[in-house]
Amino acid sequence: MPAVLGFEGSANKVGVGVVRDGKVLANPRRTYVTPPGTGFLPGDTARHHRAVILDLLREALTEAGLTSHDIDCIAYTKGPGMGAPLVSVAIVARTVAQLWNKPLLGVNHCIGHIEMGRLITGATSPTVLYVSGGNTQVIAYSERRYRIFGETIDIAVGNCLDRFARVLKISNDPSPGYNIEQMAKRGKKLVELPYTVKGMDVSFSGILSFIEDVAQRMLATGECTPEDLCFSLQETVFAMLVEITERAMAHCGSQEALIVGGVGCNLRLQEMMETMCQERGAKLFATDERFCIDNGAMIAHAGWEMFQAGHRTPIRDSGITQRYRTDEVEVTWRD
Amino acid sequence: MQAPNRGTSNAAAGRTGCLRPRSCTCGTDIVVAAARGSYGTVPVSGTGASGNRRSLIRPHMFALRVPFPSPLEAEIAHGSLSPDVEPHQGVIEKELTVRGNVLAIKWTAEDARLLRISIINCLEHLSLVLRTMQHFGPPISR
């Protein structure tokens, strides 16, 4: 009955989780929030994580009711993500692994999301829509790999939303995406934006440029409100995501869809995906903000799966990497 | 932007000699060896001189010696700090070695600004390792 400790800090959330045999025993997390109109920079984010991570580790062990002796493996995010924050978190993982003489496991962040999504929802073999500030991919499992069926060819959908929030100086607390979602509910007018699906893939940088430009003009003339723009952006980008997910589901003959990643918290996205799934007779799975948003337990659980399957990361190979494709990992814990 | 908590960077700017971390129970000292090398451009001879060419290209050097209470702790610090690849590999190189209970870190760099940034980051990370050892150590005996 191994218990695994997981460290996550690839973007502005830092979390430490404890998982044993599919049970989340602890999952404390902190978010680095910057003032409206600004984003988070790597050095400042890493400094934030360094300041709080040891407290989080202490909290996680206390909440789980465990000591270092009860932990069997230390998992951490090897990548992908922002360099400086990844390094800061990995350093703590390596140090405790060596202090406590426990094996270390480098986990792919995207796979952490997928495995936690599967655990929490019970979905067996879903088509996964992974959408966050840093990633946008449609993934399906096939023969020991999480294969990427479609993805963004430039920026992530969450990145598009976050950067748009900066233009309108929308608050980043608790997250810009959450605040855009609330404003969108009050939107009344649909502003036409470019719709950029490219086959199995999507593109968001053009939409961002367009809406940044439109925002200046239309808000000055009073042609639309910020709420209308939030509503229009969500409707457009979410429709694109539903389209590429549906395309992948049609290819795979899949009857299950799973949304993971921070943008997956968005209820409008879930609603639109649900409509598509119902039309296909498929089932939609989604998690709540505890597990959608980056967290330590997802790394711990993916680590648990990998540990059981015999994976280990020697210290000298434990360097972080900003680019780490989802399909680079051999998924030996599934058939 | 949140201010970092107490206990992160203890570097005293502009001093050589000993830096003593606050509330450090393991008694670790950081001894800063004087920075050597010239500032400003160093002309490189066009004839491609042999062994000296490398040190001409990287004229700035900096070295730290960090004593730990035991060889095991020095090894642990080495294990935590060495795996990540240093950015700007062509311009700056950082080497970590362990001798007894001392972790030695040596830099050679073409660019003084990048060297300064690398040293500051390394000190932040070293501080993080020390704090982790203080709160979650001592190491389990092998």
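About the thresholds
Residues numbered from 1 in each chain as written. Chains lettered and ligands numbered in written order. Predicted model: local features only at pLDDT ≥ 70, side-chain atom pairs only at ≥ 80, totals over all residues. Heavy atoms only, no water. Helix = DSSP H or I, 4+ residues; strand = E, 2+ residues; numbered from the N terminus. Contact = heavy atoms within 4.5 Å. Areas by Shrake-Rupley, 256 points an atom, 1.4 Å probe, with all protein chains shown as cover. UniProt positions renumbered as here; feature names shortened; annotations may be inferred. Polar contact = N/O pair within 3.5 Å; in protein donor to acceptor, adjacent residues only side chain to side chain. Buried < 20%, exposed > 50% of the residue type's maximum accessible area, 1.4 Å probe, protein only. Core = buried A, V, L, I, M, F, W, Y, C linked by side-chain atoms within 4.5 Å. Salt bridge = Lys/Arg side-chain N within 4 Å of Asp/Glu carboxyl O. 1 Å grid on protein atoms, 1.4 Å probe; cavity = no way out; pocket = protein on both sides within 12 Å on 5 of 7 lines; lining within 4 Å. Points joined across faces, edges and corners; volume = space filled by probe spheres on them. Nonpolar A, V, L, I, M, F, W, Y, C, P; charged D, E, K, R; others polar.

Glancing now at the overall build of chain A. Along the backbone of chain A there are 10 helices and 13 strands. With respect to the three principal axes, the spread of C-alpha positions in chain A is 65 × 45 × 30 Å. Taking as baseline every contact in chain A between residues at least 6 positions apart, the subset at least 24 positions apart corresponds to 78%. As presented, chain A carries roughly 12600 Å² of accessible surface, and 48% of it is formed by carbon and sulfur atoms.

Our next topic: the UniProt feature "binding site: a divalent metal cation" (unreviewed entry) in chain A. Residues and elements named next belong to chain A. When the UniProt feature table is mapped to this numbering, "binding site: a divalent metal cation" (unreviewed entry) covers His-109, His-113, Tyr-130 and Asp-294. Their sequence span is 186 residues, while the largest C-alpha to C-alpha distance among them is just 11.9 Å; these annotated residues converge on one region. By the element assignment, His-109 lies in helix H3 (residues 109-121). A distance of 3.0 Å separates a polar atom in the side chain of His-109 from a polar atom in the side chain of Glu-8. The class of Asp-294 is buried, set by a relative accessible area of 8%.

Okay, the nonpolar core next. By size, the foremost hydrophobic cluster in this structure holds 57 residues, and its most contacted members are A:Phe7 and A:Ile74. In terms of nonpolar packing, the next biggest core, distinct from the first, is built from 47 residues, A:Ile155, A:Leu168, A:Cys230 and A:Met272 among them.

Residue and element names in this part refer to chain A. In total, this model carries 15 salt bridges over all chains according to the counting rule given. Residue Arg-118 pairs with Glu-115 through a salt bridge whose shortest N-O separation is 2.6 Å. Highlighted residues: Arg-118 and Glu-115, both in helix H3, separated by 3 residues, approximately one helical turn. Overall, Glu-115 belongs to the buried group, its relative accessible area being 1%.

A word on empty space enclosed by the protein. All names here are of chain A. With the rule as written, the count across this model stands at 1 cavity of 30 Å³ or more. Reported here for the largest cavity is a volume of approximately 40 Å³. Listing elements by their share of the lining of the largest cavity, those giving two or more residues are H3 and strand E8 (136-142). Considering every element that reaches the lining of the largest cavity, the biggest residue donor is E8, with 3 residues. The class makeup of the residues in the lining of the largest cavity is 7 nonpolar, 1 polar and 2 charged.

Turning our eyes to something else, we now look at the UniProt feature "domain: Gcp-like" (unreviewed entry) in chain A. The positions UniProt marks with the feature "domain: Gcp-like" (unreviewed entry) are residues 29-300 of chain A. For residues 29-300 of chain A, helix accounts for 51% and strand for 17%, while the C-alpha atoms at its two ends are 13 Å apart.

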